[in-house]
Amino acid sequence: MILVLGGAGYIGSHAVKELLDKGYYVLVIDNLSTGHRNSLDTRAVFVEGDVGDSALLERVFTQYKVEAVMHFAASCLVGESMSNPLKYYENNVINSFNVLKVMVKHNVKKIIFSSTCATYGLAENEFLNEDSPTSPINPYGRSKLIVEQMIHDCFKSYGLDYIILRYFNVAGADFSGRIGEHHNPETHLIPNVLLHLLGKSKHISIFGNDFNTADGTCIRDYIHVLDLVEAHILSLQEVLNTSPVGRVYNLGNNKGYSVKQIIEQCERITKKKAHVVYEKRREGDPPYLVASAKKVYEELEWIPKYSLEDMIRSAWQWHKSNPDGYDS
Ligand SMILES: NC(=O)c1ccc[n+]([C@@H]2O[C@H](COP(=O)([O-])OP(=O)(O)OC[C@H]3O[C@@H](n4cnc5c(N)ncnc54)[C@H](O)[C@@H]3O)[C@@H](O)[C@H]2O)c1
Ligand SMILES: O=c1ccn([C@@H]2O[C@H](COP(=O)(O)OP(=O)(O)O[C@H]3O[C@H](CO)[C@H](O)[C@H](O)[C@H]3O)[C@@H](O)[C@H]2O)c(=O)[nH]1
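What you see is a predicted model; the values in this text were computed from it and never measured.

> Would you mind showing me how to read the sheet that holds strand E4 (residues 68-71) here?
Spatial ordering of the open sheet is given by E3-E2-E1-E4-E5-E6-E11, a layout of 7 strands whose pairing is parallel. Every other strand in the sheet has two partners, leaving strand E3 (45-48) and strand E11 (246-251) as the edge strands with one partner each. In this sheet, adjacent strand axes meet at a mean angle of 20° when their direction is disregarded. Of the strand pairs in this sheet, strand E2 (residues 26-30) and E3 are connected by 4 bridges, and their pairing is parallel. Residue Asp30 lies in a different strand from E3, and its bridge partner there is Glu48.

> How should the packing of helix H8 (residues 259-270) against helix H10 (residues 308-321) be read in this particular structure?
Geometrically, a packed helix pair is captured by the angle between its two axes and the distance between the axes. Contact geometry for H8 and H10: axes closest at 10 Å, N-to-C directions at 60°. Taken together, the axis directions place H8 and H10 in an arrangement best described as oblique. Considering the relative orientation of H8 and H10, their crossing is right-handed. In this structure, H8 uses Ile262, Gln265, Cys266, Arg268, Ile269 and Thr270 to contact H10, whose residues at the interface are Leu308, Glu309, Ile312, Arg313 and Trp316. For the contact of H8 with H10, the class distribution of residues is 6 nonpolar, 2 polar and 3 charged.

> I'm lost on the pairing of E2 in this one. Help?
Put simply, side chains in a regular strand alternate between the two faces of the sheet. Most of E2 is tucked away, with 5 of its 5 residues classed as buried. Neither face of E2 is open: one carries Val26, Val28 and Asp30, the other Leu27 and Ile29, and all of them are buried. Looking at chain direction, strand E1 (residues 2-5) and E2 are connected through 4 bridges and run parallel. Looking across to E2, one finds that Ile2 is bridged to Val26. For the handedness criterion, the β-α-β arrangement of E1, helix H1 (residues 10-21) and E2 is classed as right-handed.

> Teacher, can you tell me more about the pattern of salt bridges here?
Close approach of charged atoms lets side chains of opposite charge pair. Overall, the coordinates contain 20 salt bridges when judged by the stated rule. One salt bridge in this structure joins Glu309 and Arg268, with 2.9 Å as the shortest N-O distance. With Glu309 in helix H10 and Arg268 in helix H8, the pair connects residues that are 41 residues apart, well separated along the chain. Classification of Arg268 by relative accessible area gives partly exposed; the value is 45%. With a closest N to O distance of 2.8 Å, Arg313 and Glu309 form a salt bridge. Of the two residues, Arg313 and Glu309 are both situated in helix H10; the distance of 4 residues between them amounts to about one turn of the helix. Judged by its relative accessible area of 41%, Arg313 is partly exposed. When salt bridges with common partners are traced through the structure, they connect Lys17, Asp21, Asp41, Arg43 and Asp174 into a single cluster.

Basis of the calculations
Residues numbered from 1 in each chain as written. Chains lettered and ligands numbered in written order. Predicted model: local features only at pLDDT ≥ 70, side-chain atom pairs only at ≥ 80, totals over all residues. Heavy atoms only, no water. Pairing = 2+ DSSP bridges. Helix = DSSP H or I, 4+ residues; strand = E, 2+ residues; numbered from the N terminus. Axes fitted to C-alpha atoms, helices over the stretch in contact; angles between N-to-C directions. Parallel < 35°, antiparallel > 145°, perpendicular 65-115°, else oblique. Left-handed = near helix turned anticlockwise from the far one by under 90°. Contact = heavy atoms within 4.5 Å. Nonpolar A, V, L, I, M, F, W, Y, C, P; charged D, E, K, R; others polar. Buried < 20%, exposed > 50% of the residue type's maximum accessible area, 1.4 Å probe, protein only. Right-handed = clockwise from strand over helix to strand, strands pointing away. Salt bridge = Lys/Arg side-chain N within 4 Å of Asp/Glu carboxyl O.

Dropping the structure here:
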């Protein structure tokens, strides 16, 4: 059984669907704090609960034969981590400690961990590779880096096999139109622009146009959620079939787009005009984060299939069909 923590969330729900389609048995634990019951594939076993609840984890690990863990459960908003850092240290660090502890106790020694390019911090307009310095500038990035270090220590001392995946900015939706991104409130750029173009908000804010970038707005590397999920499947196969494995991979498209370029692309694809309002910088935002994903390409033969246009089109299809997201 593959245990998916946070499997009712945006990325987790896409991973659960793909795992099931590939024939894995899937068990999900999610406290539904930002996830949705209706995003869950009914073929998965679902346990509603918190990964911070040791007794619950103990029960689950005793009842089911868990082969590997995919750990998506986290608080993951850069801005919120600046105003409420302890929430991030608690949910991301302490609760991941809890997960690692129960895994080691029950001799479950395979984990795929969702990390982030926010672990790098300030990049000087270069492609980030896995050896680039990690000096996060927000508590979210710091909390994920601490978990990465805990996992690595468990690898060295207890033989825990791991692949840590540092995602860049994830976007898009499954082409079935059944699952997609729904956060309340939504803070991510692409869904925010599309929801605005659907008439859900009066304007789209650009947080800062005075960064040291070509058009003054932040640059990010966007990756389709389905490409990301494919990398999880390859990583899972690797940790299940090989040992020892202790690796970190970037998942991105090696291409940067500014906030302004994203808005322009959304306008072009939807054939609608956005009302843009410039606001001050959002605290904790690095100006430039673009991946070099060469390592995962070379070692796992992972090649992203989808373009920015595919991300925006699939997300647009999801939002148009589900303007209010999931109903539970
Ligand atoms: N979305 C991105 O662009 C992005 C980029 C880099 C990394 N990540 C990482 O990917 C993972 C998934 O992100 P997402 O965008 O799907 O977020 P999400 O908020 O949609 O999903 C997180 C899921 O975890 C659940 N959860 C949170 N805390 C929990 C807890 N204590 N116990 C049980 N369940 C809990 C939530 O209810 C939700 O279903 C996160 O770890 C995030 O840090 C996301
Ligand atoms: O309405 C908006 C929303 C965002 N932005 C800007 O667009 C860029 C991207 O912002 P997102 O909120 O979409 O994404 P982040 O880069 O802040 O963070 C996301 O990707 C990170 C990795 O870069 C993290 O891992 C995190 O989980 C995930 O939220 C930032 O410069 C942000 O300030 C706007 O200008 N207006």
